[in-house]
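Here's the letter readout for the chains.
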Amino acid sequence: MKRLAPIVLTLGLLGACAGPVATTQVRLPEAPPPGEPQGTTGLHEADLKSFYGQPAFIRKDGTAQIWRFDGPGCKAFFFLYSRDGNTAVWHVETMPRGVGIAADQNCLNALRARVAARPVS
């Protein structure tokens, strides 16, 4: 027992010298400002394709979907949710964001203008 005491005391002192363990905190991005551009919520899949063309990316997760449309200066993300068999847009965000709102109307207008300018085949 006398031999064990110095070992325990030494380990205790070494542990005290180690100091606190450094942790890395992950900083999450700020939530987007509330609000939706007029005429975007409630759009159905066919409406989105008609207004914005073919999405660059679609992700489906259960009853939720994210559709991304890419333009030369921005990207638009449409969040669709299915309720009672009716899938529609519930939220819209753009990168870069708008002023005081999650979606920039200028970005959405530019994406729509590209579709309107395409020749009909």
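Scroll up for the structure.
Residues numbered from 1 in each chain as written. Predicted model: local features only at pLDDT ≥ 70, side-chain atom pairs only at ≥ 80, totals over all residues. Heavy atoms only, no water.

Visitor: Looking at this model, I keep getting lost on the overall build of the chain. Mind explaining?
Guide: Each helix and strand counted, the chain has three helices and four strands in total. Its helices and strands in sequence order give the chain the pattern α-α-β-β-β-β-α, from N to C terminus. Split into buried and exposed, the 121 residues of the chain put 26% on the buried side. Counted over contacts in the chain with a minimum sequence separation of 6, partners at least 24 positions apart contribute 42%. (Helix = DSSP H or I, 4+ residues; strand = E, 2+ residues; numbered from the N terminus. Buried < 20%, exposed > 50% of the residue type's maximum accessible area, 1.4 Å probe, protein only. Contact = heavy atoms within 4.5 Å.)

Visitor: Explain the state of the cysteines to me, please; I cannot follow it from the model alone.
Guide: One way to say it: the disulfide is the covalent bond shared by the sulfur atoms of two cysteines. For the structure shown, the criterion picks out one disulfide. Covalent S-S linkage joins Cys 74 and Cys 107, the inter-sulfur distance amounting to 2.0 Å. Across the S-S bond linking Cys 74 and Cys 107, the dihedral sits near 90 degrees, which makes this disulfide right-handed. Here Cys 74 is found in the loop between β2 (64-70) and β3 (75-83), whereas its partner Cys 107 is found in helix α3 (residues 105-117), with 33 residues between them in sequence. (Disulfide = S-S within 2.5 Å.)

Visitor: Could you clarify how one ought to interpret the side chain of Thr 40 in this entry?
Guide: Mapped onto the secondary structure, Thr 40 falls in the loop between α1 (4-18) and α2 (45-52). A distance of 2.7 Å separates a polar atom in the side chain of Thr 40 from the backbone oxygen of Pro 37. With residues up to four places along the chain from it excluded, the contact list for Thr 40 reads Val 89, Val 92 and Leu 108. (Polar contact = N/O pair within 3.5 Å; in protein donor to acceptor, adjacent residues only side chain to side chain.)

Visitor: I keep staring at unusual backbone geometry and nothing clicks. Help me out?
Guide: Cis geometry is found at the peptide bond from Met 95 to Pro 96, where omega equals 0 degrees. Mapping Pro 96 onto the fold places it in the loop between β4 (86-95) and α3. Positive phi, normally seen in glycine, also occurs at Asp 84, with a value near 55 degrees.

Visitor: Got a minute to help me understand the nonpolar core in this structure?
Guide: Of all hydrophobic cores here, the largest spans 15 residues; its most connected members are Leu 48, Tyr 52, Phe 69, Phe 78, Val 89 and Leu 108. Of all the secondary structure elements, the ones that give two or more residues to this core are α2, β2, β3, β4 and α3. Once residues within four sequence positions are removed from consideration, Leu 48 is found in contact with Leu 43, Gly 53, Trp 67, Phe 69, Phe 78, Leu 80 and Val 89. (Core = buried A, V, L, I, M, F, W, Y, C linked by side-chain atoms within 4.5 Å.)

Visitor: Is there a simple way to explain the pairing of β2 in this structure?
Guide: Here is the key point about a regular strand: its side chains alternate between the two faces of the sheet. Taking every second residue as pointing to the same face, the buried face of β2 carries Gln 65, Trp 67 and Phe 69, while none of Ala 64, Ile 66, Arg 68 and Asp 70 on the other face is buried. The pairing of strand β1 (residues 57-61) with β2 spans five bridges and is classified as antiparallel. Paired with Ile 58 across the two strands is Trp 67, which belongs to β2. Counting the residues in the hairpin turn of β1 and β2 gives two residues, including Gly 62, whose phi is positive at 65 degrees. In this sheet, β3 lies alongside β2 in antiparallel orientation, the contact comprising seven bridges. Paired with Arg 68 across the strands is Phe 77, a residue of β3. Joining the antiparallel neighbours β2 and β3 is a turn of four residues. (Pairing = 2+ DSSP bridges.)

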